[in-house]
Amino acid sequence: MNSKNAVNNLRLLVVIVVSSLLLAINMNTFVSTGGLVPGGATGLSLLIKRSLAKFAGLSLPFTPLNLAINAIPVYIGFRFIGKKFTGTSLMVIALSSVLTDLLPSYVITYDTLLISIFGGILNGVAISLCLKNDTTTGGTDFISIYISEKTGRDSFNVILGINVVILVIAGLLFGWDKALYSIIFQFATTEVEHMMYRNYQQVTLLIITKVPDQICEMIYSQTDHGGTIIDGIGSHEKNPRKIVYSVIGAAEKDTVIKQIKQADPCAFCNVIRTERIAGKFHLQPHS
């Protein structure tokens, strides 16, 4: 068990370093070149930094600003989400901020549309990499996770909504073209998150099988979710059938289907995307 924990901690440390590096490179390459506002705590920090430089002639480092802006989201994380989760997230926030100040800027392209799309993709990859390993990049991620755990729904679109206010301010101060391109950046980030991180998305399984009890036990052992066995009749041969109905996390889908096929190679499984659930649904808590 100790060796397993050591491996997990080492993997988490690698994820923290790699994600922080990706975030810093993105900031100093795509975001700075395009004059974009990423949104969230990072975007608000950049907005304050640029505003002080433009209107007050003050050049402040990014790190203290970003740490200060993240103070309230970090408090929410420690109070409501999990201490280890928030502690590792704070490491990402601090390391990515320091690397942003230390690494040099580099221009790949001056095409703002390309910058918005590929910068958003890189940003989404870094955020998703953290979330998949039980940490985050901070800021509005804490807020969206808190809302998701309270409601049981995927609330990452809340990030896009919150960022609209920041982008409107950026548009008023620095021009609407930068604000509009920043929306494209944010949209690309959100879409990558939806594809890579699916812990707050659910799917419904309808499984016609000869071994319903075994299937239900397997689903519970793999996901901590239960199932309901329903009696049915085949429309063609009029033979009795058993249907297992279960709702599981979208990230668990592939593993469960593989196990179903191993238990009953003739099983018929219909996977339906679940829009919303009301009632008790187990979510793995953050430590």
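Right, let's walk through the structure included here. (Residues numbered from 1 in each chain as written. Predicted model: local features only at pLDDT ≥ 70, side-chain atom pairs only at ≥ 80, totals over all residues. Heavy atoms only, no water.)

### A closer look at the packing of aromatic side chains
Then step 1. Inspection of every chain in the model, using the stated rule, returns two aromatic pairs.
Then step 2. With centroids separated by 6.5 Å and ring planes inclined at 45°, the aromatic side chains of Phe 55 and Phe 174 adopt a geometry described as tilted. A residue pair is termed long-range when its members are at least 10 positions apart, and Phe 55 in helix α2 (residues 40–56) and Phe 174 in helix α8 (residues 157–174) qualify at 119 residues. (Phe/Tyr/Trp six-rings, centres within 6.5 Å; stacked < 30°, edge-to-face > 60°. Helix = DSSP H or I, 4+ residues; strand = E, 2+ residues; numbered from the N terminus.)

### Structural notes on the pairing of strand β1 (residues 202–209)
Then step 1. Within β1, six of the eight residues are buried, which leaves the element mostly enclosed by the surrounding structure.
Then step 2. As judged from the eight bridges shared by β1 and strand β3 (residues 240–249), these two strands associate in the antiparallel manner. The partner of Ile 207 across the bridge, within β3, is Val 244.
Then step 3. Strand direction decides the pairing type here: β1 and strand β4 (residues 268–274), joined by seven bridges, are antiparallel. Residue Val 203 lies in a different strand from β4, and its bridge partner there is Arg 273. (Buried < 20%, exposed > 50% of the residue type's maximum accessible area, 1.4 Å probe, protein only. Pairing = 2+ DSSP bridges.)

### Side note on the sheet that holds β4
Then step 1. Read across the sheet, four strands follow the order β2-β3-β1-β4 without closing on themselves; strand pairing throughout is antiparallel. Edge strands, defined here as strands with exactly one partner in the open sheet, are β2 (228–233) and β4. Neighbour-to-neighbour, the strand axes of the sheet open up by a mean angle of 25°, direction not taken into account.
Then step 2. Strand direction decides the pairing type here: β2 and β3, joined by six bridges, are antiparallel. Bridge pairing links Ile 230 to Ile 243 in β3.
Then step 3. Where helix α10 (residues 212–223) meets the sheet, its contacts fall on β1, β2 and β3, and the angle it forms with β3 comes to roughly 5°.
Then step 4. Lying over the sheet, helix α11 (residues 253–263) contacts β1, β3 and β4, oriented at roughly 165° with respect to β4. (Axes fitted to C-alpha atoms, helices over the stretch in contact; angles between N-to-C directions. Contact = heavy atoms within 4.5 Å.)

### Some remarks on α2
Then step 1. Taking 1.5 Å of rise per residue, 17 residues should cover 24 Å, and α2 covers 23 Å from first to last C-alpha, within 8% of that figure.
Then step 2. The complete set of buried residues in α2 reads Gly 40, Ala 41, Gly 43, Ser 45, Leu 46, Leu 47 and Ser 51.
Then step 3. Looking one or two residues beyond α2, the residue adopting positive phi is Gly 57, at roughly 70°. (Expected span 1.5 Å × (residues − 1).)

### What to know about the nonpolar core
Side chains that are nonpolar tend, in soluble globular proteins, to be buried together.
Then step 1. Ile 207, Ile 219, Val 256 and Ile 260 are the most contacted members of the largest nonpolar core, which has 13 residues in total.
Then step 2. When contributions to this core are tallied by element, the ones reaching two or more residues are β1, α10, β3 and α11.
Then step 3. Counting nine residues, the second-largest nonpolar core is a separate cluster that includes Val 74, Ile 81, Phe 85 and Ile 93. (Core = buried A, V, L, I, M, F, W, Y, C linked by side-chain atoms within 4.5 Å.)

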